[in-house]
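# Chains, contacts and geometry: an overview
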Amino acid sequence: MPSLRDILDARVVEADPALWETIDKGSSASGKTEKDSTENARIRCYACGHRCPIAEGQRGVCKVRFNRGGKLYVPYGYVAGVQCDPIEKKPFFHAVPGALAYSFGMLGCDLHCSYCQNWVTSQALRDPEAVSPPLEADPAQLVKDALAQGARVVVSTYNEPLITSEWAVAVFREARAAGLMTAYVSNGNGTPQVLEYLRPWIGLYKVDLKSFDDRHYRQLGGRIEPILESIRALHGMGIWLEIVTLLIPGFNDSDEELRRLTEFVASVSVDIPWHVTAFHQDYKMTSPADTRPEDLVRAAHIGRDAGLRYVYAGNLPGRVKGLENTHCYQCGAMLIRRVGYWIEEYKLAPSGACPECGAMIPGRWSRQFDGQIAAAPFLPRSRSRLVRILERQ
Ligand code: SF4
């Protein structure tokens, strides 16, 4: 039986030329350097902030992009899972509230967070216990399925979407043609090249800003600087951006770190929504206690003090003193009332303005609230039509 790696290596295409380059042309088998030869070439990938140099036959840090014959090959033609989520779960609170987000993911990640809540897909090629059989898919089929479920947004999520950007763009092209919005749920470890590549095809972007300490990021396998640069760049490009921080007791929850983190977000824009969400024990991080409601409320106050206008506390519905709701930054009127992913009340004007004082609330709003298809995730009925590749071998 073929290994998961063999199966995935058969489902690849050449990377988009915008996302890699040759950095050393190598030499021919005779040992002489040949100008036009790609044999033994070293290449560099720009799909994420690692910017891996990759020798012939080798893989990048993510394990899913590799150099074969001097060309970069990247994942294509499968999903590790699809799910219909309320958009509030991503979380996006300032983009078409109540909409259904058709969410798909592949396998692999450029980081290795010990508390990952999607570790079965993200660590599939690193951790033998992470087993998530891929399903054969094509972009048109996924978008047709999204429309059939009533989705308004198609989201690349569950694994790190930056490392599988060619596939995401293929799906997003179809989604845009069908009138759907498109989104990334990402760790934000991008490069200028990958953000420019995505720019024409993506409307919403959620960055998981995990810490404001470079030492913590290095523990997770990354660096903070590419993430901060990506946040600035995404906002500058006009892509709708929301930021989430999973609050982990003893890891990233000191007042000092939260103050610096939220001051950074406010320095980019006070209008960027910041979600602080509760950690629960998962994967290899089982020692910190679960986050308490009062921890979220404390963090939210720090964000407000930093000047952020839209601060939300998540994962503990009904226990965070109204911090799930959207209020007008100017007059304080309650505009969207939520419990968990459920919209209880929606008062925003069709223009996206506060009906009390007329202040514009930033976001990607509908003309009106059309109700919710679901306030909890569910599997699309047609998922069974996707072919389970492992079973077919
Ligand atoms: S996506 Fe990131 S980790 Fe993967 S090969 Fe490219 S630069 Fe390296």
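Before any of the text, the structure's been laid out above.
As a starting point, this report considers the structure included with it. In this convention, every chain numbers its residues from 1, walking through the sequence in written order. It should be noted that, the model being predicted, local features are given only for residues of pLDDT at least 70 and side-chain atom pairs only at 80 or more, the latter also being counted only at that level, while totals for whole chains, interfaces and linings use all residues. The side-chain quantities take in all heavy atoms of the structure and omit both hydrogens and water.

For the rest of this paragraph, the subject is the overall build of the protein chain. Counting its secondary structure elements, the protein chain contains 10 helices and 20 strands. Its C-alpha atoms give the protein chain a radius of gyration of 21 Å, within 12% of the compact-globule value 21 Å for 393 residues. Split into buried and exposed, the 393 residues of the protein chain put 58% on the buried side. Whether two residues are in contact is decided by their heavy atoms, any of which lying within 4.5 Å being enough. Within the protein chain, counting contacts between residues at least 6 apart in sequence, those at least 24 apart form 67% of the total. Under the scheme used here, helices are H or I runs from DSSP no shorter than 4 residues and strands are E runs no shorter than 2 residues, and both carry numbers assigned from the N terminus. Our radius of gyration looks at C-alpha atoms and nothing else; its globule reference is 2.2 Å times the residue count to the power 0.38. Relative accessible area decides the class of each residue, using a 1.4 Å probe on protein chains only: under 20% of the type maximum gives buried, over 50% gives exposed, and in between gives partly exposed.

Glancing now at the site of the ligand. Close contacts around the ligand come from Cys45, Ala47, Cys48, His50, Arg51, Cys52, Ile54, Gly60, Val61, Cys62, Arg65 and Ile163, and that covers them all. Residue polarity follows a fixed list, in which Ala, Val, Leu, Ile, Met, Phe, Trp, Tyr, Cys and Pro are nonpolar, Asp, Glu, Lys and Arg are charged, and the others, Gly among them, are polar. Here the residues of the shell around the ligand sort into 8 nonpolar, 2 polar and 2 charged. Distances are taken per atom, and a residue is near a molecule or strand as soon as one of its heavy atoms is within 4 Å of it.

Take the pattern of salt bridges next. Oppositely charged side chains can pair when the atoms bearing their charge come close. Here, a salt bridge means any side-chain nitrogen of Lys or Arg that lies within 4 Å of a carboxyl oxygen of Asp or Glu. The tally for this structure, following the rule as stated, stands at 20 salt bridges. Taking the shortest distance from any N to any O, the salt bridge between Lys71 and Glu14 comes out at 3.4 Å. Of the two residues, Lys71 sits in strand β6 (residues 71–75) while Glu14 sits in strand β1 (residues 12–14), which places them 57 residues apart along the sequence. Owing to a relative accessible area of 42%, Glu14 belongs among the partly exposed residues under this scheme. Between Asp85 and Lys90 there is a salt bridge, with the nearest N and O atoms lying 2.6 Å from each other. Of the two residues, Asp85 and Lys90, both sit in the buried class. Taken together, the shared-partner salt bridges connect Glu256, Arg259, Arg260 and Glu263 into one network.

As a further point, take helix α4 (residues 165–177). Along an α-helix, a turn takes 3.6 residues, which lines up residues three or four apart on a common side. The end-to-end C-alpha separation of α4 is 18 Å, in line with the 18 Å expected for 13 residues at 1.5 Å each. Along α4, the residues classified as buried are Ser165, Glu166, Trp167, Ala168, Val169, Ala170, Val171, Phe172 and Ala175. Phi for Gly179, located one or two positions after α4, is positive at around 85 degrees. Between the first and last residue of a helix there are one fewer steps than residues, each counted as 1.5 Å, and that sum is the expected span.

So, about the sheet that holds strand β3 (residues 42–45). Taken in spatial order, the 3 strands make up an open sheet running β2-β3-β4, and their pairing is antiparallel. Taken across any chain shown, the strands that pair with only one partner, and hence form the sheet edges, are β2 (20–24) and β4 (53–54). A pair of strands is treated as paired once DSSP finds two or more bridges between them. As defined by bridge partners, β2 adjoins β3 across 4 bridges and the pair is classed as antiparallel. Its bridge partner lying in β3, Asp24 is registered against Arg42.

Here we come to the nonpolar core. The criterion is simple. A nonpolar core is a set of buried Ala, Val, Leu, Ile, Met, Phe, Trp, Tyr and Cys residues joined through side-chain atoms within 4.5 Å. Counting 77 residues, the largest nonpolar core has Tyr205, Leu209, Ile231, Ile243 and Trp274 as the members making the most contacts within it. Beyond its immediate stretch of four places on either side in the chain, Leu209 contacts Tyr217, Ile227, Leu228, Ile231, Ile243, Val244, Thr245, Leu261 and Val265. Listed in part, the 14 residues of the second largest apolar core include Tyr312, Cys328, Tyr346 and Leu348.

Looking now at the packing of aromatic side chains. Side-chain rings of Phe, Tyr and Trp, where Trp is taken by its six-membered ring, are said to pair if the distance between their centres is within 6.5 Å; with planes under 30 degrees apart they count as stacked, over 60 as edge-to-face, and otherwise as tilted. If you walk through the whole model with that rule in mind, you get 8 aromatic pairs. Seen in terms of ring centroids, Phe93 and Tyr312 are 4.8 Å apart; in terms of plane orientation they differ by 65 degrees. Their pairing is edge-to-face. Residue Phe93 is found in the loop between β8 (81–86) and β9 (100–105), and its partner Tyr312 is found in strand β16 (residues 311–314); the two are separated by 219 residues along the sequence. In this pair, the class of Phe93 matches that of Tyr312, namely buried. Clustering of aromatic rings is evident, with ring pairs tying together Phe104, Phe172, Tyr184 and Tyr205.

Right, let's talk about the sheet that holds β1 for a bit. Spatial strand order, β1-β6-β5: 3 strands in an open sheet with antiparallel pairing. In this open sheet, the two edge strands, each paired with only one partner strand, are β1 and β5 (66–68). Ignoring strand direction, the axes of neighbouring strands in this sheet form an average angle of 40 degrees. Here β1 runs beside β6; their pairing, made up of 3 bridges, is antiparallel. Within β6, the residue paired with Val13 across the bridge is Val74. Axes, fitted as lines to C-alpha atoms, cover a helix only where it is in contact. Angles between the N-to-C directions of the axes lie from 0 to 180 degrees.

For the pair helix α3 (residues 139–149) and α4, the least separation of the axes is 9 Å and the interaxial angle reads 50 degrees. Considering the angle they form, α3 stands oblique to α4. In terms of crossing hand, the pair formed by α3 and α4 is right-handed. Touching Pro139, Ala140, Leu142 and Val143 of α3 are Trp167, Ala170, Val171, Glu174 and Ala175, all from α4. Any angle that falls under 35 degrees is termed roughly parallel, while one over 145 is termed roughly antiparallel, one within 65 to 115 roughly perpendicular, and all others oblique. By definition, any crossing whose near helix is turned counterclockwise from its far helix by less than a right angle is left-handed, and any crossing with a clockwise turn is right-handed.

Once that is clear, we can look at the pairing of β3. On β3, burial follows the alternation: Ile43 and Cys45 on one face are buried, whereas Arg42 and Arg44 on the facing-out side are not. Across 2 bridges, β3 lies against β4 in antiparallel orientation. Residue Ile43 lies in a different strand from β4, and its bridge partner there is Ile54.

Shape is all these values report; function is a separate question.
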